[in-house]
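The primary structure of each chain is shown beneath.
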Amino acid sequence: MTQDELKQAVARAAIDYVVKHEIIGVGTGSTANFFIDELAKIKADIKGAVASSEATAARLRGHGIAVFDLNDVPEIAVYIDGADEITHSGAMVKGGGAALTREKIVASVAKSFVCIADGSKLVDVMGKFPLPVEVLPMARAAVTRELAKLGGEPKLRLKPGTDEAFITDNGGMLIDVAGLAIADPVALEAKINQIVGVIAVGLFAARGANVCLLGTADGVKTLTF
């Protein structure tokens, strides 16, 4: 199976975790896009969704799914999103799609977090995928210096094909930290969050996934944490 076929398989499997007549939290990225396309098939069964990015909101609306502002929603039954890496304990690295801050906010309101990913994303130790950190633009250089002290190689994310900094939906910049071996993701998440100027770090460890639907050549495997 191709990677896209694995993503489609877990997106279909995630529909079983959608709570009918409720508002669903929806993530950002290629796997989440497959899920949105599947969600559209049962849109009559849900009240709508809270999106973790402007791109996700646009895709949901394009399918005729109502999009709610999180400020108007007291709680979310389930949040469904992909991951760039996930461990056997449910900790994740996220942010390759540049929506880590909003993803983290929406996930914090959800009763349950269902991660959907292809099998290549399951790792013993995270860090092979560069760790995204969203920062205030004026703090870019200062935060970069602090991140370098952690032993990684921080690099400003640029707009594809340009020398301009990538700007998030929140007006922040992204620093991707390569070369880390994240042995204690909860501790590292807390440490990076304390760096002045950091908006959010793409470590989802203090609040990780409750379930991971993993696409493999042998079918979708379910991991619970």
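What counts and what doesn't
Residues numbered from 1 in each chain as written. Predicted model: local features only at pLDDT ≥ 70, side-chain atom pairs only at ≥ 80, totals over all residues. Heavy atoms only, no water. Buried < 20%, exposed > 50% of the residue type's maximum accessible area, 1.4 Å probe, protein only. Helix = DSSP H or I, 4+ residues; strand = E, 2+ residues; numbered from the N terminus. Right-handed = clockwise from strand over helix to strand, strands pointing away. Pairing = 2+ DSSP bridges. Axes fitted to C-alpha atoms, helices over the stretch in contact; angles between N-to-C directions. Phe/Tyr/Trp six-rings, centres within 6.5 Å; stacked < 30°, edge-to-face > 60°. Lys NZ or Arg CZ within 6 Å of the ring centre and 35° of its normal. Contact = heavy atoms within 4.5 Å. Parallel < 35°, antiparallel > 145°, perpendicular 65-115°, else oblique. Left-handed = near helix turned anticlockwise from the far one by under 90°. Nonpolar A, V, L, I, M, F, W, Y, C, P; charged D, E, K, R; others polar.

Asker: Before we move on, can you summarise the pairing of strand β2 (residues 48-51) with the specific residues and values?
Answerer: The side-chain alternation of β2 yields two buried faces, one formed by Gly48 and Val50 and the other by Ala49 and Ala51. Crossover connection from strand β1 (residues 23-26) via helix α2 (residues 30-39) to parallel β2: handedness right-handed.

Asker: Explain the sheet that holds strand β6 (residues 113-118) to me, and be specific about the residues and the numbers.
Answerer: With mixed pairing, 6 strands are arranged side by side in an open sheet as β2-β1-β3-β6-β12-β13. In this open sheet, the two strands that pair with only one neighbour each are β2 and β13 (219-224). Pairwise comparison of adjacent strand axes, ignoring direction, gives a mean angle of 25° for this sheet. Pairing between strand β3 (residues 78-81) and β6: 3 bridges, direction parallel. Across the sheet, Asp81 pairs through a bridge with Cys115, a residue of β6.

Asker: Explain the packing of aromatic side chains to me, using residue names and the numbers behind them.
Answerer: Aromatic ring pairs are defined here through the distance separating the ring centres and the angle between the ring planes. Summed over all chains, the structure comprises 1 aromatic pair. Of note, Lys94 hangs over the ring of Phe204, and the distance from its end group to the ring centre comes to 5.5 Å. The positively charged end of Lys104 is found above the aromatic ring belonging to Phe204, 5.0 Å away from the centroid.

Asker: Which residues make up the environment of Leu213, and what values go with them?
Answerer: Take Leu213: it is sitting in strand β12 (residues 211-216). Looking at Leu213, the relative accessible area reads 1%, which means it is buried. Sequence separation between Leu213 and Ala13 is 200 residues, and the spatial gap between their C-alpha atoms is 7.4 Å. Ignoring any residue separated from it by four or fewer positions in sequence, one finds Leu213 in contact with Val10, Ala13, Ala14, Tyr17, Val114, Cys115, Ile116, Ala117, Val220, Lys221 and Thr222.

Asker: Please set out the packing of helix α1 (residues 3-14) against α2 residue by residue, giving values where relevant.
Answerer: Where α1 meets α2, the closest approach of the two axes is 8 Å, and the angle between their N-to-C directions is 50°. Classified by the interaxial angle, the pair formed by α1 and α2 is oblique. Relative to α2, α1 is oriented so that their crossing is right-handed. Touching Asp4, Lys7, Gln8, Val10, Ala11, Arg12 and Ala14 of α1 are Ser30, Thr31, Phe34, Phe35 and Glu38, all from α2. Tallied by class, the residues present in the contact of α1 with α2 amount to 5 nonpolar, 3 polar and 4 charged.

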